[in-house]
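Given next are the chains, with one letter for each unit.
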Amino acid sequence: MKNRLSPSVLAADFSALAEDLRLAEEAGAESFHFDIMDGHFVPNLSYGVNVVSALRKQSKAFFDVHLMVTNPDFYFASCKEAGADRVSFHFEATPHVDRALEAIKDLQMEAGIALNPATPVAFLEEILPKCSYILLMSVNPGFGGQKFIPYTLEKVKKLRAMALSRGIELEIGIDGGVGAANLPEIVASGANFIVAGSSVFRCKKEIAKQVQSLNRLL
Ligand code: DX5
Ligand code: ZN
């Protein structure tokens, strides 16, 4: 499975999203990550699915939606309508993880589970074969620009070992605090989907350069 970079739209210039995404896509970004926050599951608001649908018309990239909301199942259908290719919701946000995964798959999208830093990967043991993807948070969700939490590397290793022992070719994402300095060890630990917000979009003049240099490290 190919390693993929997914720049996080949360860190892009909200007054020029289409332009920032175009710069990243022309430089080789094949996916974009959309952080939808509701001010309940996380202590912050971001944007809703209408941003996903507006950008869908501007981009051919794979759209990865990360729901940081309570009642995630309320939003699956609108994610599909907006043009999402994949939706992940938080394990911690619903008692009905299995049902939520099935609901996303019924809508013909890839289905993923996101885990907060403190949630053990062992909770995924039974459900793993039903997941297209697992998103391991390497910061506490809610804000861009935070510091990478080092113990999440151990979680990536454990999850990769769990998937291998079951013969599952799993896409493992890591989200938060990723940049050129820590990317090599993140990939070495077994992650193959890399979300990066501020390191890509911090400076408009450098977006293309950042995408290219992170892609080279993958
Ligand atoms: C955090 C979000 C992340 C965030 C990453 O709640 O889920 O996707 O945009 O941003 P950086 O790369 O700046 O840590
Ligand atoms: Zn995210």
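Higher on the page you've got the structure.
Thresholds applied
- Residues numbered from 1 in each chain as written.
- Chains lettered and ligands numbered in written order.
- Predicted model: local features only at pLDDT ≥ 70, side-chain atom pairs only at ≥ 80, totals over all residues.
- Heavy atoms only, no water.
- Donors = N, O, S within 2.8 Å, 3.2 Å for Na, K, Ca; no water.
- Tetrahedral: all angles 85-135°; square planar, octahedral: opposite > 155°, others 65-115°.
- Helix = DSSP H or I, 4+ residues; strand = E, 2+ residues; numbered from the N terminus.
- Buried < 20%, exposed > 50% of the residue type's maximum accessible area, 1.4 Å probe, protein only.
- Axes fitted to C-alpha atoms, helices over the stretch in contact; angles between N-to-C directions.
- Parallel < 35°, antiparallel > 145°, perpendicular 65-115°, else oblique.
- Left-handed = near helix turned anticlockwise from the far one by under 90°.
- Contact = heavy atoms within 4.5 Å.
- Nonpolar A, V, L, I, M, F, W, Y, C, P; charged D, E, K, R; others polar.
- Phe/Tyr/Trp six-rings, centres within 6.5 Å; stacked < 30°, edge-to-face > 60°.
- Near = heavy atom within 4 Å.
- Polar contact = N/O pair within 3.5 Å; in protein donor to acceptor, adjacent residues only side chain to side chain.
- Areas by Shrake-Rupley, 256 points an atom, 1.4 Å probe, with all protein chains shown as cover.

What about the coordination of the zinc ion (ligand 2)?
Turning to step 1, where the next piece is worked out: Of the protein atoms, only His33 (NE2), Asp35 (OD), His66 (ND1) and Asp175 (OD) coordinate the zinc ion (ligand 2), at distances of 2.0 to 2.3 Å.
Turning to step 2, where the next piece is worked out: The site at the zinc ion (ligand 2) holds six donor atoms, and with the angles between them running 71 to 171°, its shape is octahedral.
Turning to step 3, where the next piece is worked out: Motif for the zinc ion (ligand 2), donor spacing along one chain: H-x1-D-x30-H-x108-D. Of this pair, histidine 66 sits in strand β3 (residues 62-68) while aspartate 175 is found in strand β7 (residues 171-175), placing the two residues 109 residues apart along the sequence. The pair histidine 66 / aspartate 175 is uniform in exposure class, with both members buried.

Concerning the packing of helix α1 (residues 17-26) against helix α8 (residues 207-217)
Turning to step 1, where the next piece is worked out: Contact geometry of α1 with α8 gives a least axis separation of 8 Å together with a crossing angle of 40°. By the angle between their directions, the pair α1 and α8 is classed as oblique. Two packed elements cross with a definite hand, and for α1 against α8 that hand is right-handed. In this structure, α1 uses Asp20, Leu23 and Ala24 to contact α8, whose residues at the interface are Ile207, Ala208 and Val211.
Turning to step 2, where the next piece is worked out: Class assignment for the residues of the contact of α1 with α8 results in five nonpolar, no polar and one charged.

Some remarks on the packing of aromatic side chains
Turning to step 1, where the next piece is worked out: In the structure shown here, the tally under the stated rule is six aromatic pairs.
Turning to step 2, where the next piece is worked out: Geometrically, the ring pair formed by phenylalanine 74 and tyrosine 75 is tilted, given 6.3 Å between the ring centres and 55° between the ring planes.
Turning to step 3, where the next piece is worked out: With 5.5 Å between their ring centres and 10° between their planes, phenylalanine 91 and phenylalanine 123 make a pair best called stacked. Here phenylalanine 91 is found in the loop between β4 (86-90) and α4 (97-106), whereas its partner phenylalanine 123 is found in the loop between β5 (110-115) and β6 (133-137), with 32 residues between them in sequence.
Turning to step 4, where the next piece is worked out: Owing to a relative accessible area of 21%, phenylalanine 91 belongs among the partly exposed residues under this scheme.
Turning to step 5, where the next piece is worked out: On the accessibility criterion, phenylalanine 123 (48% relative accessible area) is partly exposed.

So, the site of ligand 1
Turning to step 1, where the next piece is worked out: With respect to spatial proximity, 20 residues lie near ligand 1, and among them Asp35, Gly142, Asp175, Gly197 and Ser198 are the closest.
Turning to step 2, where the next piece is worked out: Between ligand 1 and the protein, one listed contact pairs an oxygen atom with a side-chain N or O atom of histidine 33 at 3.3 Å.
Turning to step 3, where the next piece is worked out: Glycine 177 is positioned such that a nitrogen or oxygen atom in its backbone is 2.8 Å from an oxygen atom of ligand 1.
Turning to step 4, where the next piece is worked out: Within the complex, 99% of the 380 Å² of free accessible area of ligand 1 lies under protein.
Turning to step 5, where the next piece is worked out: Counting residues per element, the ones that place at least two in the shell around ligand 1 are β2 (31-37), β3 and β8 (193-196).
Turning to step 6, where the next piece is worked out: The residue inventory of the shell around ligand 1, partitioned by class, reads eight nonpolar, ten polar and two charged.

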